[in-house]
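Listed below, chain by chain, are the residues.
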Amino acid sequence: MKAGSARRTREVARWWAWCVALVSALQGLAGSARGAESTPVSGPSIPGLVLSTNLVFIKAGSFTRAHQQVVTLTRDYWMSKYEVTQGEFLALMGRNPSHFTGDPRRPVEKVSFLEAHSYCVQLTRRERESARLTADYEYRLPTEAEWEWACRAGSTNRFSFGDDEAAAVDHAWTEENSEAGTHPVGLKQPNAWGLYDMHGNVWEWCRDWFAEFPTGPQTDPSGPESGKFKVFRGGSWNHQAKFARCGNRFVMAPANGIFFVGFRVVLAPVFAPARAAAGG
Ligand SMILES: [Ca+2]
């Protein structure tokens, strides 16, 4: 990389880190989880569905997020064990938008929400054509609630591993230990449900348009019907560990990508919004 380009990269990274710090400070503390009655393993056997070994079954449940809001998920789903890698993205999409190349096991980044969504559509198409996926199931981005429930993995703390940021070194690639770049997925300790890099490495796009959370209990929330920004979660190599906490959120326009935002997928019945009475 040329010196000027490297300097601009660092300036952009510092600017984004500052923005994330500001937004996070305004949003206050994360909530806590409860009722983690299950530890998902492989999940049910469903006719016509051939699962990738890199999917973790997530049993539905309830947790409490910011401002003591109780969120209930009524639908089970599978979530990918790792962030989508550059190798996976390249194999399916025929291109690799990432900044940190050189190892296909690194997470794909500089990938916009629209590209991440497109990956899910292509993956769904490929798996259906290969008779590994029925028409009533699909791969898609997780809702924010699905992401946070899976991130917490039963924890009631700021992080899935507790409240101590110092412990993040064993669980996440963050500014403190990343040496200014992404790392191949799956090298840090997973959370209690076997998901890797939910904290750190790259932030992860969610399905939801951004809005302040509505008040009151929520069932299967999936955000507003439209908006300007999409949400991403989980912190990154470019931000301090405190920004990787379970309840933290940040946003970006859906057509934009940057070198610290990637994604992972869920496999679930074809998406249907919650009924109106359930809100958000
Ligand atoms: Ca991550």
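Residues numbered from 1 in each chain as written. Predicted model: local features only at pLDDT ≥ 70, side-chain atom pairs only at ≥ 80, totals over all residues.

**Q** Could you give an account of helix α3 (residues 113–129), with specific residues and numbers?
**A** Here α3 contains 17 residues, and its C-alpha end-to-end distance of 24 Å stays within 8% of the 24 Å for a straight helix at 1.5 Å per residue. Taken as a whole, α3 has its buried residues at Phe 113, Glu 115, Ala 116, Tyr 119, Cys 120, Leu 123 and Glu 127. Relative to the axis of α3, the buried residues are bounded by an arc of 165° and lie together on one face. Away from its buried face by more than 90 degrees, α3 exposes Val 121 and Glu 129. Those residues of α3 that are buried lie in contact with α2 (86–93), β6 (137–140), β7 (203–209) and β9 (230–233). Note on α3: the residue one or two positions beyond its end, Ala 131, has a positive phi of about 60°. (Helix = DSSP H or I, 4+ residues; strand = E, 2+ residues; numbered from the N terminus. Expected span 1.5 Å × (residues − 1). Buried ≥ 20, exposed ≤ 12 C-beta atoms within 10 Å, placed from the backbone. Arc of directions from axis to C-beta. Contact = placed C-beta atoms within 7 Å.)

**Q** Mind laying out the environment of Ile 58, listing which residues take part and the relevant values?
**A** Positionally, Ile 58 belongs in strand β2 (residues 55–58). Separated by 92 residues in the primary sequence, Ile 58 and Ala 150 place their C-alpha atoms 6.9 Å from one another.

**Q** So what's going on with the sheet that holds strand β11 (residues 261–262)? Residues and values would help.
**A** Spatially, four strands are ordered β10-β9-β7-β11 in an open sheet, and the strand pairing comes out mixed. Two strands lie at the open edges of the sheet, namely β10 (249–252) and β11, each paired on one side alone. Taken together, the four bridges between β9 and β10 define a ladder with antiparallel strand orientation. Bridged to Arg 233 within β10 is Arg 249. Contacts between helix α4 (residues 144–152) and the sheet are confined to β7, β9 and β10, with β7 contributing the most and set at about 140° to the helix. (Pairing = 2+ DSSP bridges. Axes fitted to C-alpha atoms, helices over the stretch in contact; angles between N-to-C directions.)

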